[in-house]
Amino acid sequence: MSILEYNGAAIIAMAGKDCVGIACDTRLGAQAQTVACDFRKVFKMSDKIFVGLAGLATDVLTMQNLLKFRQNLYELREDRELTPKVFSNVLSNLLYEKRFGPYFIEPVVAGLDENNQPFLSGMDLIGAPVYTDDFVVTGTATANMYGMCETLYKKDMEPDQLFETLSQALLASLDRDALSGWGATVHIITKDGVTSRELKGRMD
Amino acid sequence: MDSVFGVEYDGGVIIASDQNNARSILTYQTNLDKVAELSSHSAMGVSGPNADLVNFSQYISKNLALYELSNNGLKLSPHAQANFTRGELATALRKGPYQVNIMLGGYDTIKNQASLYWLDHLAAMAKVNYGAQGYASSFCLSIMDRDWKEGLNQEQAVAIVEKCIKELQVRFLIAQPNFIIKAIDKDGVNTLSFGADPADN
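Residues numbered from 1 in each chain as written. Chains lettered and ligands numbered in written order. Predicted model: local features only at pLDDT ≥ 70, side-chain atom pairs only at ≥ 80, totals over all residues. Heavy atoms only, no water.

1. Remarks on the overall build of chain A
Our working rule: Only DSSP runs of H or I covering at least 4 residues are called helices, and only runs of E covering at least 2 are called strands; the numbering of each starts at the N terminus. The reference for a compact globule is 2.2 Å times residues^0.38; the radius of gyration itself is calculated from the C-alpha atoms. The cut-offs for exposure are 20% and 50% of the maximum accessible area for each residue type, with area from a 1.4 Å probe on protein chains only; residues under the lower value are buried, those over the upper are exposed, and the others partly exposed.
Looking only at helices and strands, chain A features four helices and twelve strands. Relative to the globule expectation of 17 Å for 204 residues, the C-alpha radius of gyration of chain A, 16 Å, shows essentially globular dimensions. Projecting the C-alpha coordinates of chain A onto the three principal axes gives extents of approximately 45 × 40 × 25 Å. Across the 204 residues of chain A, 53% fall into the buried class.

Spelled out as structure tokens, the structure:
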């Protein structure tokens, strides 16, 4: 039993035409037992930056607070907003600080940069980043999610189509994973705002 | 081996726990109060080794009292208390962890709303309508899943808790003859019933 698989999670972030989407399941479990069905793992850091934190729930909550703290510090010192690339670097730095006693989370960052172009990055638990232009996945169902995304993804999807693709990819993946599921939330981020929707899925 | 559970109802929350204090094959006492009162309108049921149980619950309740003393009587809401408790557990996790699993219930006197939080020893936290810690969860969660609904009153919530207690006493391997049940509502923390008086020496 890996410590990263104790609570269960499934998160996908996907890029579209001038938009990004990020979706997560909402299960909180203690191994086989389900404790809550409204534990969201995707957090809004700003209108243009969302972060998804998969892994040990205690570290998800701790990291959420730490990230907000570091973001506030940056914005107070620099008197400007964080961009997704810099935010991703801050997160990577935070994780590597604990190189020999890490936070057990594997995050993804999704956002729109200064030109409202999509930005995606994924990281391991010690902050090693990967930057992609199509999708990033993390959690306990990554094998399922990679397969679904690779099959369903197309370049330059409009927001509505991105929502459909992201939702179907996530739902199909978490239906085959015991540790994730019990509800899902999807956020679509465009330069005009964020649309958040709850998905109706199998509650098992 | 402690059983701790909580049920939220319209206007309050019930926290219940067994009263056993045991280690290995020996029972030290059967009248222990494991539902620690944190403030005037909140309490937490704690399961785990007695040392951590007592130490941690006193640490939290004294710190909450200090906050009130230091801030002209300003009280922390149950949401704030739960997050403070989680923060302390999380900080201690990588230094010297408290091996406690908690159900924290409180009544917000400003918003006039009750809330119940599930916290485990790793400092994961979830706001729930009902929940249980320990082996009790295997027996009681399905009962609560079936019987709980929005808008319960206190009698109905207590009925669910008593159903859970009966189930444990019939089917749980470890004998837990005594349970203590506390309710938190707009009037504060009230002990509704106990199997054995914690004040007896």
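2. Focus on the packing of aromatic side chains
Residues and elements named next belong to chain B. For the record, the criterion: Stacked, tilted and edge-to-face pairs are distinguished by plane angle, under 30 degrees for stacked and over 60 for edge-to-face with tilted covering the rest, among Phe, Tyr and Trp rings (Trp via its six-membered ring) whose centres lie within 6.5 Å.
The full count for this structure, using the stated rule, is seven aromatic pairs over all chains. Measuring from centroid to centroid gives 6.2 Å for Phe5 and Phe179, while their planes differ by 35°, and the two rings are tilted. You can see Phe5 sitting in strand E1 (residues 4-9) and its partner Phe179 sitting in strand E11 (residues 179-185), a full 174 residues away along the chain. For Phe179, a relative accessible area of 6% translates into the label buried. Relative to Trp148, the ring of Tyr130 lies with its centre 5.8 Å away and its plane at 50°, an arrangement referred to as tilted. One end of the pair, Tyr130, is in strand E10 (residues 130-133); the other, Trp148, is in the loop between helix H3 (136-147) and helix H4 (154-171), and 18 residues separate them in sequence.

3. Quick notes on the sheet that holds strand E8 (residues 113-119) of chain B
All names here are of chain B. Basically, it comes down to this: Any two strands with at least two DSSP bridges between them are considered paired. With axes taken as lines fitted to C-alpha atoms, and helix axes fitted only over the stretch in contact, angles between N-to-C directions fall between 0 and 180 degrees. The criterion used for residue contact is that any of the two residues' heavy atoms lie within 4.5 Å.
Sheet architecture is open: five strands sit in the order E5-E6-E7-E8-E9, paired in antiparallel fashion. Two strands bound the open sheet, and with one partner strand each, they are strand E5 (35-39) and strand E9 (125-128). This sheet shows a mean twist of 25° between the axes of neighbouring strands, independent of strand direction. Where helix H1 (residues 50-70) meets the sheet, it contacts E5, strand E6 (42-47) and strand E7 (101-108), and its direction lies at approximately 15° from that of E5.

4. What about the environment of Asn31(B)?
Residue and element names in this part refer to chain B. To keep things clear, this is the line we draw: Any pair of N or O atoms that falls within 3.5 Å is considered a polar contact. Within protein, one atom must be able to donate a hydrogen and the other to accept it, and sequence-neighbouring residues count only if both atoms are side-chain atoms.
Locating Asn31 in the fold gives a position in the loop between strand E4 (26-29) and E5. Note: C-alpha distance between Asn31 and Phe194 (163 residues apart in sequence) is 8.5 Å. Apart from the residues within four sequence positions on either side, Asn31 is in contact with Gln19, Ala196, Asp197, Pro198 and Asp200. Engagement of the side chain of Asn31 in a polar contact is seen with the backbone oxygen of Asp197, the distance being 3.0 Å.

5. What about the packing of helix H3 (residues 142-152) of chain A against helix H4 (residues 159-174) of chain A?
Residue and element names in this part refer to chain A. Let me state the cut-off plainly: Working rule for angles: under 35 degrees goes down as roughly parallel, over 145 as roughly antiparallel, 65 to 115 as roughly perpendicular, anything else as oblique. Crossings are sorted by hand: turned counterclockwise from the far helix by less than a right angle, the near helix makes the crossing left-handed, and turned clockwise it makes it right-handed.
Two elements in contact, H3 and H4, have axes separated by 9 Å at closest approach and are oriented at 150°. What the angle tells us is that H3 and H4 run roughly antiparallel. Between H3 and H4 the crossing geometry is right-handed. Where H3 abuts H4, its residues Asn144, Met145, Met148, Cys149 and Leu152 lie against Thr165, Gln168, Ala169, Leu170, Ala172 and Ser173.

6. A short note on the packing of helix H1 (residues 57-78) of chain A against helix H2 (residues 78-93) of chain B
Applied cut-off: Each residue receives one of three labels: charged for Asp, Glu, Lys and Arg, nonpolar for Ala, Val, Leu, Ile, Met, Phe, Trp, Tyr, Cys and Pro, and polar for the others, Gly being one of them.
Contact geometry of H1(A) with H2(B) gives a least axis separation of 11 Å together with a crossing angle of 105°. Between H1(A) and H2(B), the crossing angle belongs to the class labelled roughly perpendicular. Seen from H1(A), the contacting residues are Thr58(A), Leu61(A), Thr62(A) and Asn65(A); seen from H2(B), they are Arg86(B), Ala90(B) and Leu93(B). Partitioning the contact of H1(A) with H2(B) into residue classes produces three nonpolar, three polar and one charged.

7. Examining the side chain of Asn20(B)
With respect to the helices and strands, the residue Asn20(B) is situated in the loop between strand E2 (12-18) and strand E3 (21-23). Judged by relative accessible area, which is 10%, Asn20(B) ranks as buried.

8. Here we look at the interface of chain B and chain A
Our working rule: The term buried area denotes the loss of accessible surface (1.4 Å probe radius) that occurs when two parts are joined, taken as the sum for both partners. Salt bridge, as used here: a side-chain nitrogen of Lys or Arg that lies within 4 Å of a carboxyl oxygen of Asp or Glu.
On the chain A side, the residues contacting the 16 residues of chain B number 19 residues. Interface area for chain B against chain A, summed over the two sides, is near 1,100 Å², with a carbon-plus-sulfur share of 55%. Area buried by chain B at its contact with chain A is led by Arg86(B), Arg94(B) and Leu122(B), which between them contribute 42% of it. Run the count over chain B and chain A and you get one salt bridge. Here Asp59(A) makes a salt bridge to Arg94(B), at a shortest N to O gap of 2.9 Å. Where chain B touches chain A, the interface holds seven residue pairs in polar contact (both at pLDDT 80 or more). Breaking the side of chain B that touches chain A down by element, the ones donating at least two residues are H2, E9 and H3 of chain B. Counting residues per element, the side of chain B that touches chain A draws most heavily on E9(B), which supplies four residues. Its residues assigned to classes, the side of chain B that touches chain A comprises ten nonpolar, two polar and four charged.

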